[in-house]
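Fold and geometry: a report
Below, each chain spelled out in residue letters.
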Amino acid sequence: MSADPRRAVPRTDTLLADPALAGAAARLGRDLVKDAVRAVQSRVRAGELAPEDAVAAVLAGLPTTAGSLRPVLNATGVLVHTNLGRAPLSPAAVEAVVAASGTTDVELDLRTGRRGPRGEAALSALLAAVPAAEAAIVVNNCAAALALVATALAGELVIARGELVEIGDGFRIPELLESTGARLREVGTTNRVALEDYTRALGPGTGAVLKVHPSNFVVRGFTRAVPVASLAGALAGTGVPLVADVGSGLLRPHPALPEEPDLQTTLADGADLVLASGDKLLGGPQAGLVLGRAELVQRLRRHPLYRALRVDKTTLAALEATLRGPLPPVQEMLAADAADLRARAGALAARLTTAGLDARAVDSAARVGGGGAPEHPLPSAAVSLPAAFAEPLRLGARPVVGYVADGRTLLDLRSVPPSCDDDLAAAVLEVAGRCP
């Protein structure tokens, strides 16, 4: 009679007692390691794995952290990719998050031992970056900022019909505003709105005039819009605040994006409040930025809803470090030189070709993403591989996300930091080794 194969399967307690797995359990948690042990035991039971290789197989199958999110190389050419977490944090911001993850003085004045203003340093950094603002607050995203404004400036909101846009995942600005109890007064038509459309709509119940930058689409042809400066001039003396949602979080004008609105210019043009995202062109953590007149910002800060929307200590730390620290990755990507990108693509393609792969360096067009500059492609360069590489690259040990065009997998380098070129090459070679 042959021996029962189940006797060869290492016992759970024996495996968990191995020093390497015990260390992993202390770092990742016992339950997570135990699940990995059971998966390996099933492989041994099925004859796929030798019993003596069980510990090594468990270690190989463990994640690097106790969380399920995995680092991904963004080779899509979309700098602010919502599905990939939008802006990657700078090393300075990551260090600040780690420092703030324990017990901190987020709301304590260490000099007096008494309660201090929450996030004062981050707000000071934000005001230093946008000097046209008198005051600022930060909430958890731009939609939250818009909801807080609609709630605190209670009354009718005047908005152009062409700015009643849909943002990500099917959420629509009018539905978001109406969910707060605000009443909308739509003015103009889908393609044209005039200054008198706004002024005729003003009345005793007007809470604010709202301008929303239609960042993820462009209407061309027979169109007309009212600039912030013109609206601000018309509203002067009425007591009706002008609120501008500029969206992408560009702090000041950028030469690569001449048509993208920025916070400093919008406030200088007369907006009373500006709203923007922190995790787009600013290059920081997810946050909703609200800057403008001190009286209005204070009204928002004292509203009960603000308590539900405020950000945590790690977000404040990351935001401050992004503003005060070196250029964040998104800004580096935006500033990348097209000739340098072509040189990188050529070097990578040559390296892969030498290894026997069908790799080519090609010109490409990158995008800002995140709803920013939808009709402003950025000149870029990519490594072109057979289309069959796309899926295994996504499923590799270090996932790489590119895109398929004209029957080829393209890995756009504008969204890949130069320091990751070796990682990108290694990921492609690993896939080639598995899929000859």
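Remember, predicted model here, so these are calculated numbers, not experimental data. (Residues numbered from 1 in each chain as written. Predicted model: local features only at pLDDT ≥ 70, side-chain atom pairs only at ≥ 80, totals over all residues. Heavy atoms only, no water.)

**Quick word on the side chain of Gln-264**
- Tracing the chain through its elements places Gln-264 in helix 11 (residues 263–268).
- Aside from chain neighbours lying at most four places away, what touches Gln-264 is Val-130, Pro-131, Ala-132, Leu-251 and Arg-252. (Helix = DSSP H or I, 4+ residues; strand = E, 2+ residues; numbered from the N terminus. Contact = heavy atoms within 4.5 Å.)

**What to know about unusual backbone geometry**
- With phi around 55 degrees, Arg-86 is a residue other than glycine that occupies positive phi space.
- Residue placement: Arg-86 occurs in the loop between strand 2 (78–80) and helix 5 (91–100).
- Of note, Asp-406 is a non-glycine position whose phi angle comes to about 50 degrees, a positive value.
- In this structure Asp-406 comes out as exposed when scored by relative accessible area, which is 82%. (Buried < 20%, exposed > 50% of the residue type's maximum accessible area, 1.4 Å probe, protein only.)

**Thoughts on the UniProt feature "modified residue: N6-(pyridoxal phosphate)lysine" (unreviewed entry) in the protein**
- Per the UniProt annotation, the sites labelled "modified residue: N6-(pyridoxal phosphate)lysine" (unreviewed entry) are Lys-280.
- Following the sequence through the fold, Lys-280 ends up in the loop between strand 10 (273–277) and strand 11 (288–292).
- What Lys-280 contacts, discounting residues up to four positions off in sequence, is Val-80, Arg-86, Ala-87, Gly-247, Ser-248, Val-330 and Gly-370. (UniProt positions renumbered as here; feature names shortened; annotations may be inferred.)

**Points about the nonpolar core**
- Ranked by size, the top nonpolar core spans 38 residues in total, and within it Val-130, Tyr-198, Val-209, Leu-289, Leu-291 and Leu-323 carry the most contacts.
- Filtering out sequence-adjacent residues up to four positions away, Val-209 remains in contact with Val-158, Tyr-198, Leu-202, Leu-231, Leu-235, Val-240, Pro-241, Leu-242 and Val-243. (Core = buried A, V, L, I, M, F, W, Y, C linked by side-chain atoms within 4.5 Å.)

**Some thoughts on the sheet that holds strand 16 (residues 408–412)**
- Pairing is mixed across the open sheet formed by five strands, whose spatial order is 2-12-13-16-15. Looking at strand neighbours, the two that pair on one side only are strand 2 and strand 15 (403–405), the edges of this open sheet. Going from strand to strand, the sheet's axes swing by 45 degrees on average, the running direction of each strand aside.
- In terms of strand pairing, strand 2 meets strand 12 (residues 360–369) through two bridges, oriented parallel. If you follow Val-78 over to strand 12, its bridge partner there is Arg-367.
- Contacts from helix 16 (residues 338–354) reach strand 12 and strand 13 (378–386), with the element oriented near 10 degrees to strand 13. (Pairing = 2+ DSSP bridges. Axes fitted to C-alpha atoms, helices over the stretch in contact; angles between N-to-C directions.)

**Notes on the environment of Phe-171**
- Following the sequence through the fold, Phe-171 ends up in the loop between strand 6 (156–160) and helix 8 (173–179).
- On a C-alpha basis, the gap between Phe-171 and Ala-143 in space is 9.6 Å, while along the polypeptide they are 28 residues apart.
- Discounting chain neighbours no more than four positions away, the residues touching Phe-171 are Val-165 and Glu-166.

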